[in-house]
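Read off the chains here:
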Amino acid sequence: MAAPPNFEEGQSTYSPPRFNGQYYGWWKTRMHDFIMVEDSEFWDVICDGPFIPTKTSGDPAVTIPKTRKEFNDVDRKAIEKNFHAKKILVYGIGPDEYNKISSCQSAKEIWEALQIAHEGTTQVKQSKINMLTTEYELFRMKYDESIEDMHTRFTSIIKELHSLGEIIPRNKLVRKILSILPSSWKNKVNAITEAKDLQKLTINELVGNLKTYKKKKKNKKKKKKNLVLKTDSNDSGVEDADMAYVTKRFQKMVRRNGGIPKGGSSSKPKIYDLCHKCDLAAWGDSSSESEENDDQCDSSMIAVESEAVDYDSIFALMAQSDNDEDDDDDDEKENYVLTEKITNVEYERDGLVVVVVDLKETIECVKKEKEALTEKVASIEHERDDLLVVVVDLKDTIEELKGECRHEILQRERKLQMKYILGLKMR
């Protein structure tokens, strides 16, 4: 139940809300509140109908309506309430809507006429309630949707149901919102369920709590990102934090094996001494000592190379593990997107099923109305035929009566003529 973009009546609280044919549910709620503020008895008149002054007379006593001359001051004030309520409703609609209620005599008739025109009959109203209930039950939070957007969509459905007279308890609404949150909110949902009383928790409090949690989570990610960037800048051009960590580990490994001298130390590493001795032996005569040095040098180099190969394997496994984690994240995201798409498709399918069921029910109702109208037409035609027969009989009767009248008139004229002739003869 979205609100219209423009307020035609302005921001005045003294004039009733204006209805231009759209957003009836929104206008209906505001008009109800406006009337209740003016006088709650006006709303009683709209719901129950106008007051009719009555009196008792006769034996036994019979209640009959008073005539206008018999109204007292109390009766007149009670009657005026209907006209006050009618005035508010008429002032709150446009010319096009006024044409629909111009023949209504009471505020109740005006209200009911607008309800039928914009909400439909009881059957149509129930069909709308069924569709909105299905939409409520299948409601899900969309991928990458914010809490504000989800709350707006959810509230729209609830307000539409409320305007149609279908009210859902507050605790059920709170539990519904908690159940539609993504799996990434599981910890927060558990925390709210354990720490809060869901019977007393309002939707606004819940949404505010979720917004605060989302904001804190976002700020935490931002701080972590800034920390990573600061670490990268301190590593003298190293672009990746993971690569900086691997580099440090490799340097420690080389230092531990004496490959690189430690900072501030003037001593030479063992590998350096061994290789230097190998070089001296290469320029001199071959001897058993040089051979031993060569063997030591070779064995030391082989050990370093072997350990380097081991670390290369470890680095490769680390890289593969990172790739596997990235692939798992991609797969999880893809599965989530597919699940969301499937949920949306199922939601659309269920919505179409509800529409089909409603259309079938409407078709059945139309068929029944058609049959009833057909029977009524046949009955009217039968009555018409009977009336035609009666009309023909009446015409025949009229002709007979006319003939009898003419015959009597002729007889009377003859009698008068005979009397006139006899009178002449007597003279």
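Keep in mind the model is a prediction, meaning the values are calculated, not measured.

J.: Just to check I follow, could you spell out the pairing of strand 2 (residues 62–65) for this structure?
T.: Look at any regular strand and the pattern is simple: side chains alternate between the two faces of the sheet. Pairing of strand 1 (residues 54–57) with strand 2, which is carried by 4 bridges, proceeds in the antiparallel orientation. Bridging across to strand 2, S57 finds its partner in V62. In sequence, strand 1 turns back onto strand 2 through a hairpin of 4 residues, with G58 there showing a positive phi of about 85 degrees.

J.: Looking at this structure, I do not really get the environment of K125. What am I missing?
T.: Examined against the element boundaries, K125 turns out to sit in helix 6 (residues 122–137). Taking the C-alpha atoms as reference points, K125 and Q115, separated by 10 residues in sequence, lie 9.7 Å from one another. Filtering out sequence-adjacent residues up to four positions away, K125 remains in contact with E119 and L164.

J.: Explain the side chain of K188 to me, please; I cannot follow it from the model alone.
T.: Mapped onto the elements, K188 comes out in helix 9 (residues 186–195). Buried within the structure, K188 lacks any salt-bridge partner; its nearest side chain of opposite charge belongs to E194, at an N-O separation of 11 Å. Engagement of the side chain of K188 in a polar contact is seen with the side chain of N209, the distance being 2.9 Å. Those residues within four positions of K188 in sequence are excluded, and the remaining contacts are N209, L210 and Y213.

J.: Hey, could you run me through a negative patch on the surface in this one?
T.: Together, D393, D396, E399, E400, E404 and E408 make up a negatively charged patch on the protein surface. Positionally, E404 belongs in helix 13 (residues 288–426). Classification of E404 as partly exposed rests on a relative accessible area of 45%.

J.: Whenever I open this one, the nonpolar core confuses me. Can you help?
T.: Nonpolar side chains tend toward joint burial in soluble globular proteins. Core analysis: the largest hydrophobic core is formed by 28 residues, its most contacted members being I147, M150, F154, L178, L181, L206 and L210. Counting residues per element, the ones that place at least two in this core are helix 6, helix 7 (147–163), helix 8 (170–180), helix 9 and helix 10 (203–234). When near neighbours in sequence (up to four residues on either side) are disregarded, L206 contacts V174, I177, L178, I192 and L201. Counting residues in hydrophobic clusters, the runner-up holds 19 residues, among them F19, Y24, I35 and I93.

J.: What am I meant to see in the packing of helix 1 (residues 24–38) against helix 2 (residues 40–48) here?
T.: For any two helices packed against each other, one specifies the crossing angle of their axes together with the interaxial distance. As a packed pair, helix 1 and helix 2 sit with axes 5 Å apart at the nearest point and diverge in direction by 125 degrees. With respect to each other, helix 1 and helix 2 are oriented oblique. Listed contacts from helix 2 to H32, I35, M36 and E38 of helix 1 are S40, F42, W43 and I46.

J.: Explain the packing of aromatic side chains here, please?
T.: The relative placement of two aromatic rings is captured by the distance of their centres and the angle of their planes. For the structure shown, the criterion picks out 8 aromatic pairs. Plain terms: the ring middles of W185 and Y213 are 5.3 Å apart, the flat faces sit at 55 degrees to each other, and that makes the pair tilted. Taken together, the positions of W185 in the loop between helix 8 and helix 9 and Y213 in helix 10 put the pair 28 residues apart, joining distant regions of the chain. Of the residues examined, Y213 reaches a relative accessible area of 24% and is grouped as partly exposed. Taken together, the ring pairs in this structure connect F19, Y24, W27, W43 and W111 into an aromatic cluster. Positioned above the aromatic ring of Y136, the side-chain terminus of K176 is 5.5 Å from the ring centre.

Parameters at a glance
Residues numbered from 1 in each chain as written. Predicted model: local features only at pLDDT ≥ 70, side-chain atom pairs only at ≥ 80, totals over all residues. Heavy atoms only, no water. Pairing = 2+ DSSP bridges. Helix = DSSP H or I, 4+ residues; strand = E, 2+ residues; numbered from the N terminus. Contact = heavy atoms within 4.5 Å. Buried < 20%, exposed > 50% of the residue type's maximum accessible area, 1.4 Å probe, protein only. Lys, Arg positive; Asp, Glu negative; His and termini not counted. Salt bridge = Lys/Arg side-chain N within 4 Å of Asp/Glu carboxyl O. Polar contact = N/O pair within 3.5 Å; in protein donor to acceptor, adjacent residues only side chain to side chain. Patch = residues over 30% accessible without salt bridge, like charges linked within 9 Å, V, L, I, M, F, W, Y side chains within 5 Å. Areas by Shrake-Rupley, 256 points an atom, 1.4 Å probe, with all protein chains shown as cover. Charge placed at Lys NZ, Arg CZ, Asp CG, Glu CD. Core = buried A, V, L, I, M, F, W, Y, C linked by side-chain atoms within 4.5 Å. Axes fitted to C-alpha atoms, helices over the stretch in contact; angles between N-to-C directions. Parallel < 35°, antiparallel > 145°, perpendicular 65-115°, else oblique. Phe/Tyr/Trp six-rings, centres within 6.5 Å; stacked < 30°, edge-to-face > 60°. Lys NZ or Arg CZ within 6 Å of the ring centre and 35° of its normal.

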